[in-house]
Amino acid sequence: GENVEQHPSTLSVQEGDSAVIKCTYSDSASNYFPWYKQELGKRPQLIIDIRSNVGEKKDQRIAVTLNKTAKHFSLHITETQPEDSAVYFCAASRYGGSQGNLIFGKGTKLSVKP
Amino acid sequence: DVKVTQSSRYLVKRTGEKVFLECVQDMDHENMFWYRQDPGLGLRLIYFSYDVKMKEKGDIPEGYSVSREKKERFSLILESASTNQTSMYLCASSSRGYRGRKETQYFGPGTRLLVL
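Reading the values: the criteria
- Residues numbered from 1 in each chain as written.
- Chains lettered and ligands numbered in written order.
- Predicted model: local features only at pLDDT ≥ 70, side-chain atom pairs only at ≥ 80, totals over all residues.
- Heavy atoms only, no water.
- Helix = DSSP H or I, 4+ residues; strand = E, 2+ residues; numbered from the N terminus.
- Buried < 20%, exposed > 50% of the residue type's maximum accessible area, 1.4 Å probe, protein only.
- Salt bridge = Lys/Arg side-chain N within 4 Å of Asp/Glu carboxyl O.
- Contact = heavy atoms within 4.5 Å.
- Buried area = accessible area lost by both parts, 1.4 Å probe.
- Nonpolar A, V, L, I, M, F, W, Y, C, P; charged D, E, K, R; others polar.

**A few points about unusual backbone geometry**
Residue and element names in this part refer to chain A.
And step 1. His-7 connects to Pro-8 through a cis peptide bond whose omega is -5 degrees.
And step 2. For Pro-8, the location among the structural elements is in the loop between strand S1 (4–7) and strand S2 (10–14).
And step 3. Positive phi, close to 60 degrees, is recorded for Gln-60, a residue that is not glycine.
And step 4. Within the secondary structure, Gln-60 sits in the loop between strand S6 (56–59) and strand S7 (62–67).
And step 5. Positive phi values are uncommon outside glycine, yet Lys-71 reaches one of about 60 degrees.

What follows is the structure in structure tokens.
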């Protein structure tokens with residue numbers, strides 16, 4: 001079955017710096033890769049996702065890249081702000097399947113220091 | 001706006017009690033999921049359901065059961081609560097992803113369960 005590994009588990013950056021979180025997956029058939037942000041005491045919320053027919057996707061300060069050959073994908077946050085502090089989860093799924101299962105990484109706790 | 005609600009935010013139960021956690025979604029989603037979240041372990045899938053009365057085991061189903069009698073409602077049942085089931089429980093729902101609908105999972109606010 002699918003396995004998703006996420007690194008690092010914790011990341012501390014200065015405000016304004018960039019942050020990069022990396023994930024690898026094992027099932028080459030996986031073709032949908034969402035990223036979730038979970039602020040303290042709140043529910044996980046989707047911030048960006050990418051499908052396997054696209055190599056990169058950007059939304060303002062957030063971008064995700066996907067390397068299907070190497071089976072890894074990364075989240076890039078530029079110009080970090082204190083409100084970016086949260087736990088970030090990557091996930092991998094099979095697109096179009098009736099079950100829509102997501103396999104999550106263990107999470108990265110990002111701290112942005114003012 | 002998608003809304004996923006859970007019956008309780010905090011719950012305290014005693015060992016051996018039967019515990020019901022309920023999740024309701026209002027987006028006509030086919031898929032519903034129950035996860036538990038523990039520090040350092042991320043989100044682990046307990047059970048999921050892709051249709052009414054259908055259920056599938058996830059990664060950690062032992063000690064849990066589920067019920068889906070209506071499309072909008074998915075219940076998690078702890079038959080006999082134990083202290084190692086103390087955790088945050090998150091429900092989620094998603095569309096099947098056909099006809100242009102995204103299969104994004106939307107989460108409920110979570111239920112923090114303490115078993116004494």
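Right, picking up where we left off after that structure.
**Observations concerning the environment of Asn53(A)**
Residue and element names in this part refer to chain A.
And step 1. Inspection of the secondary structure puts Asn-53 in the loop between strand S5 (45–51) and S6.
And step 2. Given the relative accessible area of 67%, Asn-53 is considered exposed.
And step 3. Remark: the alpha-carbon pair of Asn-53 and Pro-8, spanning 45 residues in sequence, is separated by 26 Å.

**Quick notes on the pattern of salt bridges**
Residues and elements named next belong to chain B.
And step 1. The final tally for this structure, using the stated rule, is nine salt bridges over all chains.
And step 2. When the shortest N-O distance is used, the salt bridge between Glu-79 and Lys-18 registers 3.6 Å. Here Lys-18 lies in the loop between strand S2 (10–13) and strand S3 (19–25) and Glu-79 lies in the loop between strand S8 (73–78) and strand S9 (87–94), a separation of 61 residues in the sequence.
And step 3. Residue classification places Glu-79 among the partly exposed residues on the basis of a relative accessible area of 43%.
And step 4. Of the charged contacts, one joins Arg-36 and Asp-38 as a salt bridge, the two residues approaching to 2.9 Å between their closest N and O atoms.

**A closer look at the interface of chain A and chain B**
Accessible area lost during the coming together of the parts is what is often quoted as the interface size.
And step 1. At the interface, 21 residues of chain A touch 23 residues of chain B.
And step 2. Summing the contributions of chain A and of chain B, the shared interface buries around 1900 Å²; its carbon and sulfur component is 50%.
And step 3. Joining chain A to chain B, the criterion identifies zero salt bridges.
And step 4. Of all the secondary-structure elements, those providing two or more residues to the side of chain A that touches chain B are strand S4 (32–38), S5 and strand S10 (102–104) of chain A.
And step 5. In the side of chain A that touches chain B, the residues fall into eight nonpolar, nine polar and four charged.

Function cannot be read off these values alone, since they describe shape.
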